[in-house]
Amino acid sequence: MIEGIGIRKVYKSGIFGGKAVVAVDRVDIRIGECETVALVGESGSGKSTLGRILLMLIKPDEGRVVFDGIDLTKLKGKELRRIRTKMQLIPQNPEEAFDPRWKIYDSIAEPLRIHKLADSRKEEEGVILELIKAVGLKEEHLDRYPHELSGGELQRAVIARALTLNPKFMVCDEPTSMLDISTQASIVRLLMEFQKKLGISYLFITHDLELAKVVADRILVMKNGKIVAEQS
């Protein structure tokens with residue numbers, strides 16, 4: 001499904017090229033079809049950077065990202081954007097996914113409009129109503145702004161938005177860490193249900209080893225930019 005080969009990313013601190021910080025240090029990672037791989041480690045270990053590199057939201061300094069046999073690091077412009085419709089991010093802070101000035105309806109509809117996937121307003125509304133029902137929201141939530149939803153409701157809306165493009169791979173970056181315990185469990189169940197229905201592959205980033213054991217087929221441990229252990 002997706003593979004990172006020899007991935008390396010270095011950041012420079014300071015305006016004039018100060019100390020180099022190696023965020024990801026020649027990492028190899030592979031995630032199969034309909035597989036959940038958990039990536040655990042302390043803050044600053046490179047987990048989120050690696051996840052965003054696999055989505056090509058960050059360009060690696062070295063290495064390749066191969067998705068369905070296509071080397072994404074060789075693509076640019078429209079070609080890369082076309083492939084990236086099949087890859088989505090569920091962020092730690094759901095507010096990051098939404099414009100605070102837009103109602104939830106428009107935020108969920110945005111990917112459909114950008115990629116011209118609905119031929120009419122009626123078709124667009126039908127898709128969105130089906131999605132919010134699937135994630136456990138009500139039609140009334142669509143007319144609200146992000147700050148008017150609870151954390152759990154907003155994360156469900158983020159999942160609905162990610163699903164508009166029928167992705168094959170999703171990076172879930174600490175998707176439950178900002179939620180209370182009961183809401184965490186419902187969001188995890190929701191993600192697992194969609195995996196079974198749609199065959200989605202997940203990279204599930206977390207610092208919670210117990211949660212990783214529940215959701216993942218394999219667990220990778222990251223430290224100082226390297227993957228230092230694997231558990232099945």
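You'll find the structure just up there.
Residues numbered from 1 in each chain as written. Predicted model: local features only at pLDDT ≥ 70, side-chain atom pairs only at ≥ 80, totals over all residues. Heavy atoms only, no water.

Things to note about the pairing of strand β4 (residues 62–67)
Okay, so step 1: Judged from the five bridges that link them, strand β1 (residues 2–12) and β4 form a sheet pairing that is antiparallel. Among the inter-strand pairings, glycine 4 is bridged to a residue of β4, identified as valine 65.
Okay, so step 2: Looking at chain direction, β4 and strand β5 (residues 70–71) are connected through two bridges and run antiparallel. Residue pairing for β5: valine 66 is matched across the bridge by aspartate 71.
Okay, so step 3: The antiparallel pairing of β4 with β5 creates a hairpin that spans two residues between the two strands, and aspartate 68 there sits at a positive phi of about 50°. (Pairing = 2+ DSSP bridges. Helix = DSSP H or I, 4+ residues; strand = E, 2+ residues; numbered from the N terminus.)

Here we look at the side chain of glutamine 195
Okay, so step 1: You can see glutamine 195 is positioned in helix α6 (residues 181–198).
Okay, so step 2: A relative accessible area of 8% means that glutamine 195 is categorised as buried.
Okay, so step 3: Those residues in contact with glutamine 195 that lie beyond four places of it in its chain are Cys34, Glu35, Thr36, Ile200, Ser201 and Tyr202. (Buried < 20%, exposed > 50% of the residue type's maximum accessible area, 1.4 Å probe, protein only. Contact = heavy atoms within 4.5 Å.)

Description of the pattern of salt bridges
Okay, so step 1: Summed over the entire model, instances satisfying the criterion amount to 20 salt bridges.
Okay, so step 2: A salt bridge links arginine 64 to aspartate 71; the nearest nitrogen and oxygen atoms lie 3.8 Å apart.
Okay, so step 3: Residue arginine 64 is classed as partly exposed on the basis of its relative accessible area of 38%.
Okay, so step 4: For aspartate 71, a relative accessible area of 12% corresponds to the buried category. (Salt bridge = Lys/Arg side-chain N within 4 Å of Asp/Glu carboxyl O.)

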